[in-house]
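Chain and residue survey
Now for the letters of each chain:
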Amino acid sequence: MPDRPIIVAGAGVGGLSAALAIAAAGRYAIVLERAPALAEFGAGLQLGPNATRRLAKWGALERLKELATAPEAIDIRSGRDGSVIA
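This next bit is on the pattern of salt bridges. Pairs can form between side chains of opposite charge once their charged atoms are near each other. Overall, the coordinates contain three salt bridges when judged by the stated rule. A salt bridge links Lys 65 to Glu 62; the nearest nitrogen and oxygen atoms lie 3.5 Å apart. Taken together, the residues span about one helical turn, with Lys 65 and Glu 62 both in helix α3 (residues 61-67) at a distance of three residues. The burial state of Lys 65 is the same as that of Glu 62; both residues are exposed.

With that settled, consider the environment of Leu 20. With respect to the helices and strands, the residue Leu 20 is situated in helix α1 (residues 13-24). Taking the relative accessible area as the measure of exposure, Leu 20 reaches 31% and is therefore partly exposed.

Next up on the list: α1. Three or four residues apart is the spacing at which side chains of an α-helix point the same way, because the helix has 3.6 residues per turn. The end-to-end C-alpha distance of α1 is 16 Å, a good match for the 16 Å that 12 residues give at a rise of 1.5 Å each. For α1, the set of buried residues is Gly 15, Ala 19 and Ile 22. Take α1 and look down its axis: the buried residues cluster within an arc of 65 degrees, on one side only. Looking at α1, the residues exposed on the side facing more than 90 degrees away from the buried face are Gly 14 and Ala 24. Where α1 is buried, its residues meet β1 (6-9) and β2 (29-32).

Along the polypeptide, Ala 11 turns up in the loop between β1 and α1. Accessibility expressed as a relative area gives 12% for Ala 11, which makes it buried. Spatially, the C-alpha atom of Ala 11 lies 20 Å from that of Gly 26, the residues being 15 residues apart in sequence. Among residues more than four places away in sequence, those in contact with Ala 11 are Leu 16, Val 31, Leu 32, Glu 33 and Leu 38.

About the thresholds
Residues numbered from 1 in each chain as written. Predicted model: local features only at pLDDT ≥ 70, side-chain atom pairs only at ≥ 80, totals over all residues. Heavy atoms only, no water. Salt bridge = Lys/Arg side-chain N within 4 Å of Asp/Glu carboxyl O. Helix = DSSP H or I, 4+ residues; strand = E, 2+ residues; numbered from the N terminus. Buried < 20%, exposed > 50% of the residue type's maximum accessible area, 1.4 Å probe, protein only. Expected span 1.5 Å × (residues − 1). Arc of directions from axis to C-beta. Contact = heavy atoms within 4.5 Å.

Laid out in structure tokens, this is it:
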């Protein structure tokens, strides 16, 4: 039934991305989150080119750029011994 909202479980990256895609398709999404507040936790999140293209299409990329930071340097290391590859 197109007039019924679509329930999305979780307000993490996946849930919010799903809600944006649902809205872009002209449907109504309700995002349910069990945490009492949204807050930072854990490690940083790295978004690749495919993710950033999709976020731009949904109109969300510019807002995320205001909150994002770029790394000063990147080391690619071997999973075996931790040595720098590049």
